[in-house]
Amino acid sequence: MSIGPHLLSVADLGPEGIAEVLEVTDSFVEVSAREIPKVPALRGRTVATVFFEDSTRTRLSFETAARRLSADVANLSVGTSSVAKGESVRDTVQTIDAMGVDALVVRHRSAGVPHQVSAWVSAAVVNAGDGAHEHPTQALLDCYTLRARRGSLKGARILVVGDVAHSRVARSNVWAFDALGAEVCLVAPPTLLPPSLQGWPVRVSHDLDAELGDADVVYLLRLQRERQVGALLPSVREYTRGFGLTRDRARRLGPDALVLHPGPMNRGVEIAAEVAEGPASVITEQVANGVAVRMAVLFLLLGAAG
Amino acid sequence: MRGPTGVLVRGGTVLDATGPRRADVAVAGTRVVGVGPDLAAPAGWVVLDAGGCVVAPGLVDLHTHLRQPGREEAETVETGARAAALGGFTAVVAMPNTEPAIDGAEVVREVQELARGACCHVAVAGAITRGRAGEALAPMAEMAELGVRLFTDDGRGVQDPGLMRRALEYSSALGVGLAQHCEDEALAAGGAMHEGAWSARLGVPGVPAEAEEVMVRRDLALARRTAPLGARLHLQHLSTAGALAALRQARAEGLAVTAEATPHHLALTDAELAGYDPVYKVNPPLRPESDRQALVAAVADGTVDAIATDHAPHPPEAKELALDEAPPGVVGLETALPVALQALGADIGAILALMSWRPARIAGLEATQGGPVAEGRPANLCVVDLAAPWVLDPARLASRSRNTPFAGRRFEARVRHTLVAGEPVVVDAEARR
């Protein structure tokens, strides 16, 4: 097993680690399709989801994955926990760790918290999204989805469109796409790009219309309206005008082009409703594959250790 | 323990602004009473071995956070001054960002009172503005009357240029200096580390280099305008090539502005943040290697006048927060000299200029600190062994806090003895009280 003891970033996984997760995911996709989608792989193990920031979707996906592996599931969210009473992250995770859990699935609004947690606990730590840093399982499920549709990502021209600067999804996907041989182009206004792209395996464009015709994949990032408008963008309307995947733009995509979005979507902002539900969209498959990918990750981190 | 009748520092090489010479140093009461080869120790005197060591004017730190009043869990005047003495400092300038801020006579007196029994001299810096809020001038004259010679809102730069101009004008009549924390808050907003390749990769909000450069350029312009009045501006903990270039140019024009750099900015870069450890979070942030090299060059060519620690103690729980939530700062008093020697690769004479006599002048302490080691002078001395290897164990720091970025680092030089007003407060690298 080449992954572990934690999954903190895609960058740590490397091409072999990613390939291994995707390979194991295949078998769990098969499990998920069964009438009773459950295997005893992690029976007796406990997976705790510790979310210091709300995310119903990601938490549900991890918990479903753990249950399908027959693991016990515990969950702690900031609103219902002692964190709200001023307990430190360290005390919180060490308390849970002391109960004997095998994996901590951690989400936090600040970059780096899963790294810090991994030094404080004996359980395996899975990063379920940390600030603007990474969201590794999202990237893995995106790669799986694309591979399932296309066979390979080698040479695929992928546009990552939108708020790359504040996106943990982008910071995981860029490295995962690159590891699998895709060509990545970031498409955004300059204010939504990271302050430096030194060392990033990407091309940059500020012109979505110029890029669309050649694209094999359009990956749309969520626009965090409350944060971006005013300071970084003049208006949502102007953003959509330049960078939204509207119906008109979607018509210019090639016949085999695919559209992805990590959710939750701002319909009518970064993606038109008709496009989200159109033939190019694989957004629902992303969600379905998310459970299988997370099963693979939990299995690889915990399965061999018992 | 108030000193014995006399102390003889024997066998060392005396090194001050006048140069090196082999000499013993005799100290009686609070003063140096003899400097020369092979002095005899009268009966009852304490003899401190300085064989193979440099005997120098004590170090002076322009930038120390003693945290008292208000944050005694992090540091007190007593523990901070002890840490300072162990680091070879005989005087420190205590920053006013306490709770409450040192922004009037009452708090100045309180800290001066706390400093009465401290291991080294504690010079109190006052705030430029009331509550360090950047809105109204603090009563600088009443603080100056109590001996305050340096004013700063450190931790926050004075954002309002009109207010900074008036502060420079007002202070000029008092014979005091203003020290600025050079950071434009609008540009720096929310940043937790240097904005650059590392912050972009780590997904951590950044502080651009321009946040410092913009403020330095603004203040240099204001200093140019107010210099004829006698206003004195000191730029704290500079960290960027852009700010240093602006400073170099201003000094070439003859502007009498001074500046400091910290040991950690000379020794470390933003690559340290790769593991998200908040112990490396400082303000201004650690910068990339190119800025670090520019800083080393600016210290070497005299553009930067002084090395100052920005000793900023924090309790362990504060440095276990997320990187973007943790408070900035590292402790530095006990490692400043060896780190500076290591980072600059300079000879000890150059380092002492940066850490003793030049900062003593900037702090307005030249009457008692940093002066030549000569008969009749106040005996504020440090004895440094340049070949005494040691490894830093944070648990052994005398500071109440442990937030050092140099844990486990091996150093060559060590402060062996420190004499403050004639009293050996540190002997053989141990504090005597």
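Residues numbered from 1 in each chain as written. Chains lettered and ligands numbered in written order. Predicted model: local features only at pLDDT ≥ 70, side-chain atom pairs only at ≥ 80, totals over all residues.

1. Some words on the overall build of chain B
Next, step 1: Counting its regular elements, chain B contains 12 helices and 23 strands.
Next, step 2: Against the compact-globule benchmark of 22 Å for 433 residues, chain B has a radius of gyration of 21 Å, which places it among compact chains.
Next, step 3: A principal-axis box enclosing the C-alpha atoms of chain B has dimensions of 65 × 50 × 40 Å.
Next, step 4: Burial statistics for chain B: of 433 residues in total, 61% are counted as buried.
Next, step 5: Counted over contacts in chain B with a minimum sequence separation of 6, partners at least 24 positions apart contribute 76%. (Helix = DSSP H or I, 4+ residues; strand = E, 2+ residues; numbered from the N terminus. Rg over C-alpha atoms; globule rule 2.2 N^0.38 Å. Buried ≥ 20, exposed ≤ 12 C-beta atoms within 10 Å, placed from the backbone. Contact = placed C-beta atoms within 7 Å.)

2. Examining the overall build of chain A
Next, step 1: Helices and strands together make up the secondary structure of chain A, namely 12 helices and nine strands.
Next, step 2: Taking 2.2 N^0.38 as the reference for a compact globule, 306 residues should give roughly 19 Å; the C-alpha atoms of chain A span a radius of gyration of 19 Å, in line with that estimate.
Next, step 3: Principal-axis analysis of the C-alpha atoms places the extent of chain A at approximately 55 × 45 × 35 Å.
Next, step 4: Counting every position in chain A, which comprises 306 residues, the buried fraction comes to 49%.
Next, step 5: The long-range fraction of contacts in chain A, counting pairs at least 24 apart against all pairs at least 6 apart in sequence, stands at 74%.

3. Here we look at the nonpolar core
Next, step 1: Counting residues in each nonpolar core, the largest one holds 245 residues, and the members touching the most others are A:Leu104, A:Val160, A:Leu298, B:Val55 and B:Cys120.
Next, step 2: No other element matches the 12 residues that helix α12 (residues 283-303) of chain A contributes to this core.
Next, step 3: Those residues in contact with A:Val160 that sit more than four places away from it in its chain are A:Ala170, A:Asn173, A:Val174, A:Val184, A:Leu186, A:Val187, A:Tyr219 and A:Leu221. (Core = buried A, V, L, I, M, F, W, Y, C linked by C-beta atoms within 7 Å.)

4. What about the domain arrangement of chain B?
Residues and elements named next belong to chain B.
Next, step 1: In terms of domain boundaries, chain B breaks down into domain 1 (6-55 + 375-431) and domain 2 (58-362).
Next, step 2: Here domain 1 and domain 2 have C-alpha centroids that lie 26 Å from each other.
Next, step 3: Counting from both sides, the interface comprises 30 residues of domain 1 and, opposite them, 44 residues of domain 2.
Next, step 4: Residue assignment for the side of domain 1 that touches domain 2 shows that the elements contributing at least two residues are β18 (381-385), β21 (414-420) and β22 (423-427).
Next, step 5: It is β21 that contributes the most residues to the side of domain 1 that touches domain 2, four residues altogether.
Next, step 6: Partitioning the side of domain 1 that touches domain 2 into residue classes produces 20 nonpolar, six polar and four charged. (Domains from an automatic or database assignment. Nonpolar A, V, L, I, M, F, W, Y, C, P; charged D, E, K, R; others polar.)

5. Some thoughts on unusual backbone geometry
Where the residue is not glycine, phi is negative for most of them; where a peptide bond is considered, it is trans in most cases.
Next, step 1: Along the chain, A:Gly4 connects to A:Pro5 via a cis peptide bond; the corresponding omega equals 5 degrees.
Next, step 2: In this structure, A:Pro5 sits in the segment before α1 (10-32).
Next, step 3: Cis geometry is found at the peptide bond from B:Glu99 to B:Pro100, where omega equals 5 degrees.
Next, step 4: Relative to the elements of secondary structure, B:Pro100 occurs in the loop between β9 (89-94) and α2 (105-114).
Next, step 5: Of note, B:His237 is a non-glycine position whose phi angle comes to about 25 degrees, a positive value.
Next, step 6: When you line up the elements, B:His237 lands in the loop between β15 (232-235) and α8 (241-252).
Next, step 7: You will see that B:Asp310, though not glycine, has its phi angle at about 55 degrees, which is positive.
Next, step 8: In this structure, B:Asp310 sits in the loop between β17 (306-307) and α11 (336-344).
Next, step 9: The exposure class of B:Asp310 is buried, given the 30 C-beta atoms found within 10 Å.

6. Quick notes on the interface of chain A and chain B
Next, step 1: Every contact between the two is made by 20 residues of chain A and, on the other side, 18 residues of chain B.
Next, step 2: Going through the elements one at a time, α4 (113-120) and α6 (168-179) of chain A are the ones with two or more residues in the side of chain A that touches chain B.
Next, step 3: Here the residues of the side of chain A that touches chain B are counted per class, giving six nonpolar, 11 polar and three charged.

7. Points about the domain arrangement of chain A
Residue and element names in this part refer to chain A.
Next, step 1: Parsing chain A into structural domains produces domain 1 (10-135 + 287-303) and domain 2 (136-286).
Next, step 2: One C-alpha centre belongs to domain 1, the other to domain 2, and the line joining them spans 25 Å.
Next, step 3: Taken residue by residue, the interface counts 25 residues in domain 1 and 24 residues in domain 2.
Next, step 4: Looking at the side of domain 1 that touches domain 2, the elements with two or more residues in it are α1, β4 (124-130) and α12.
Next, step 5: Of the residues belonging to the side of domain 1 that touches domain 2, the class tally is 12 nonpolar, nine polar and four charged.

8. What about helix α3 (residues 89-98) of chain A?
All names here are of chain A.
Next, step 1: Those residues of α3 that sit buried are Val89, Val93 and Ile96. Relative to the axis of α3, the buried residues are bounded by an arc of 60 degrees and lie together on one face.
Next, step 2: Of the surrounding elements, those touching the buried residues of α3 are β1 (46-51), β2 (72-77), β3 (103-108) and α4.
Next, step 3: With its phi angle positive at about 90 degrees, Gly100 sits one or two positions after the end of α3. (Arc of directions from axis to C-beta.)

9. Considerations on the sheet that holds β4(A)
All names here are of chain A.
Next, step 1: Pairing is parallel across the open sheet formed by four strands, whose spatial order is β2-β1-β3-β4. Since the sheet does not close on itself, it has two edges, and those belong to β2 and β4, each with one partner. Neighbour to neighbour, the strand axes of the sheet diverge by 15 degrees on average, direction disregarded.
Next, step 2: As paired strands, β1 and β2 are joined by six bridges and run parallel to one another. Bridge pairing in β2 links Thr46 to Asp72. (Pairing = 2+ DSSP bridges. Axes fitted to C-alpha atoms, helices over the stretch in contact; angles between N-to-C directions.)

10. Structural notes on the sheet that holds strand β23 (residues 430-431) of chain B
All names here are of chain B.
Next, step 1: Overall, mixed pairing links the seven strands, which are arranged β3-β2-β7-β18-β21-β22-β23 in an open sheet. In the strand order of this sheet, the two ends are held by β3 (19-22) and β23, each with one partner.
Next, step 2: Relative to β21, β18 runs antiparallel, the two sharing five bridges. When the bridges of β21 are listed, Asp385 appears paired with Arg414.

11. Regarding the packing of helix α7 (residues 209-226) of chain B against α8(B)
Residue and element names in this part refer to chain B.
Next, step 1: Contact geometry for α7 and α8: axes closest at 8 Å, N-to-C directions at 20 degrees. The angle between α7 and α8 places the two elements in the roughly parallel class. In terms of crossing hand, the pair formed by α7 and α8 is right-handed. The residues of α8 that touch α7, namely those facing Ala209, Glu210, Glu212, Glu213, Val216, Arg217 and Leu220, are Gly242, Ala243, Ala246, Leu247 and Ala250. (Parallel < 35°, antiparallel > 145°, perpendicular 65-115°, else oblique. Left-handed = near helix turned anticlockwise from the far one by under 90°.)

12. Some points on the environment of B:Gly408
Residues and elements named next belong to chain B.
Next, step 1: Secondary-structure assignment places Gly408 in the loop between β19 (390-391) and β20 (410-411).
Next, step 2: Residues Gly408 and Leu392, 16 residues apart in the sequence, show an inter-C-alpha distance of 5.1 Å.
Next, step 3: Excluding residues that lie within four positions of it along the chain, Gly408 makes contacts with Val391 and Leu392.

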